[in-house]
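Results of the structural survey
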Amino acid sequence: MKRTLMLLALLSFSLLAFGQEDPDGIITQGQFAVKIVKLIKAKMPEGVSEQDAVSFLETLGLKPSLGWNISAQLSEQTLSDLLVVVGGAVAPEKPGALVSNRRADLVLQPRRR
């Protein structure tokens, strides 16, 4: 009985956590591409795939200097490359550092003027 309750609790927690981003978890290039597509409100189907998002962004000329790798973790250097393409001048302090979901959301947050 005790073991069954523990399994049920673990399953419930897993189901609650499934589909929710860990704000401190590292984001992939593909996930970041999806965030960009959603931010610019591109006419893409709901639940757009990472590959579709990357393909769309490439048609706009938005790609990192080494190209997209949807399964690779997003580094500060790749983030900087993308920001330069859209007119941002950002030199990463730690080019090899990885970008979290929280940082990606902060970077993509619209700025007030």
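Everything numeric in this text was worked out from a predicted model, so none of it was measured. (Residues numbered from 1 in each chain as written. Predicted model: local features only at pLDDT ≥ 70, side-chain atom pairs only at ≥ 80, totals over all residues. Heavy atoms only, no water.)

Before going further, it helps to examine the layout of surface pockets. Looking at the largest pocket, its volume works out to about 350 Å³. Considering the residues around the largest pocket, the lining is formed by 15 residues, among which Leu-39, Leu-83, Val-86, Val-107 and Leu-108 are closest to the centre. For the lining of the largest pocket, the elements supplying multiple residues, two or more each, are α2 (29-39), α4 (76-85) and α5 (101-108). With four residues, the top contributor of residues to the lining of the largest pocket is α5. In the lining of the largest pocket, the residues fall into twelve nonpolar, one polar and two charged. (1 Å grid on protein atoms, 1.4 Å probe; cavity = no way out; pocket = protein on both sides within 12 Å on 5 of 7 lines; lining within 4 Å. Points joined across faces, edges and corners; volume = space filled by probe spheres on them. Helix = DSSP H or I, 4+ residues; strand = E, 2+ residues; numbered from the N terminus. Nonpolar A, V, L, I, M, F, W, Y, C, P; charged D, E, K, R; others polar.)

Attention shifts here to the environment of Gln-73. The topology assignment puts Gln-73 in the loop between α3 (50-59) and α4. Residues Gln-73 and Ala-97, spaced 24 residues apart in sequence, show a C-alpha to C-alpha distance of 9.8 Å. Not counting residues within four places of it along the chain, the set of residues in contact with Gln-73 comprises Ile-26, Ile-27, Thr-28, Gln-29 and Leu-98. (Contact = heavy atoms within 4.5 Å.)

This part takes up α4. Counting buried positions along α4 yields seven of ten residues, so the element is predominantly enclosed. Listed as buried for α4 are Glu-76, Thr-78, Leu-79, Ser-80, Asp-81, Leu-82 and Leu-83. Residues of α4 that are buried make contact with α2 and α5. (Buried < 20%, exposed > 50% of the residue type's maximum accessible area, 1.4 Å probe, protein only.)

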